[in-house]
Amino acid sequence: MPNQELKEIKAHGSVLFPMDVYSLKKDENEYNKLYCHWHEEFEIIFVTEGGGEFHIGDKSFPVYAGEAVCVNRNELHAAVSLKNLPCHYSAVVFHPSILTGMAGDLIQNNYVNPVLSGEIVLPKHITAHEDWGRSVLSSLQAIMNCFAIRKDGFELLAKAELYTIWYHLYSHAERIKSAQSQKDERKTLKIKTVLEYIHCNYAKDIKLSELASLAELSE
């Protein structure tokens, strides 16, 4: 579960292999399918049955079976039920360090750091409408199979598929200016501040004016 700042404190994978796969295959909660939280790892969620309304940062959109969403590190995300459908999914969670070798190598400098700094924004919604999307979805399936079977050397195959995913996401990412990146980061921090306040004071009568003051916004 997340701490008071909604940051998830669970370790994903291990220090030597910071990557893991999780699955939700039954409706434990009728409405909330994924509680609102954030973490330092990237997460790619593949919907396996039904569909849900996913909230990623300040974006919300429906995601159906056979589609996926990409969550950036430190990005708030949650999901709720959609049209009384089940929402079963598998999630691939990984720390960006798994993509790099020695510190400061070409992969880190050219293809990871720009994403971490916000200069490159990976696509959030992945569908099978285009070839690159189908490739990403296929690689996600392969990673899930690797972790399900865990044959000797499965980490090699999983990491190879992750590189394929990262290549396609990076190739179809949005390039934004530094000023816009900083603006988005400040916006995210305001949202986190408000959600943390609600999380700690949900039993009280919270006023809109209080939340607006915390976020330094008008009501």
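Residues numbered from 1 in each chain as written. Predicted model: local features only at pLDDT ≥ 70, side-chain atom pairs only at ≥ 80, totals over all residues. Heavy atoms only, no water.

**Observations concerning the overall build of the protein chain**
The secondary structure content of the protein chain amounts to five helices and 10 strands. Among the 219 residues that make up the protein chain, the fraction classed as buried is 43%. Sequence separation of 24 or more characterises 70% of the internal contacts of the protein chain that already satisfy a separation of 6 or more. Counting only carbon and sulfur atoms, one obtains 53% of the accessible surface of the protein chain, whose full area is about 12300 Å². (Helix = DSSP H or I, 4+ residues; strand = E, 2+ residues; numbered from the N terminus. Buried < 20%, exposed > 50% of the residue type's maximum accessible area, 1.4 Å probe, protein only. Contact = heavy atoms within 4.5 Å. Areas by Shrake-Rupley, 256 points an atom, 1.4 Å probe, with all protein chains shown as cover.)

**Here's the deal with the layout of surface pockets**
Reported here for the second largest pocket is a volume of approximately 280 Å³. Lining the second largest pocket are 16 residues, and of these Glu-8, Tyr-22, Leu-34, Tyr-35 and Tyr-89 lie nearest its centre. The set of elements that each furnish at least two residues to the lining of the second largest pocket consists of strand 1 (19-24), strand 2 (32-37) and strand 7 (87-94). Top contributing element to the lining of the second largest pocket by residue count: strand 2, with four residues. Grouping the amino acids of the lining of the second largest pocket by side-chain chemistry returns eight nonpolar, four polar and four charged. (1 Å grid on protein atoms, 1.4 Å probe; cavity = no way out; pocket = protein on both sides within 12 Å on 5 of 7 lines; lining within 4 Å. Points joined across faces, edges and corners; volume = space filled by probe spheres on them. Nonpolar A, V, L, I, M, F, W, Y, C, P; charged D, E, K, R; others polar.)

**With respect to the nonpolar core**
The biggest cluster of nonpolar side chains holds 33 residues, and the ones touching the most others in it are Met-19, Ile-44, Phe-94, Leu-122, Ile-126, Leu-140 and Trp-166. Among the secondary structure elements, those contributing two or more residues to this core are strand 1, strand 3 (42-56), strand 5 (68-71), strand 7, helix 1 (106-116), helix 2 (131-149) and helix 3 (154-171). Setting aside residues no more than four positions away along its own chain, Leu-122 makes contact with Phe-42, Cys-70, Val-115, Trp-166, Leu-169, Tyr-170 and Ala-173. Ile-45, Val-47, Val-69 and Ala-91 belong to the second-largest nonpolar core, a separate cluster that totals 15 residues. (Core = buried A, V, L, I, M, F, W, Y, C linked by side-chain atoms within 4.5 Å.)

**Notes on the packing of helix 1 against helix 3**
Look at helix 1 against helix 3: their axes get within 12 Å of each other, and the N-to-C directions meet at 65 degrees. The chirality of how helix 1 crosses helix 3 is left-handed. Contacts between helix 1 and helix 3 involve Ile-107, Asn-110, Tyr-111, Val-112, Pro-114 and Val-115 from the first element and Tyr-163, Trp-166 and Tyr-170 from the second. Considered class by class, the residues forming the contact of helix 1 with helix 3 number eight nonpolar, one polar and no charged. (Axes fitted to C-alpha atoms, helices over the stretch in contact; angles between N-to-C directions. Left-handed = near helix turned anticlockwise from the far one by under 90°.)

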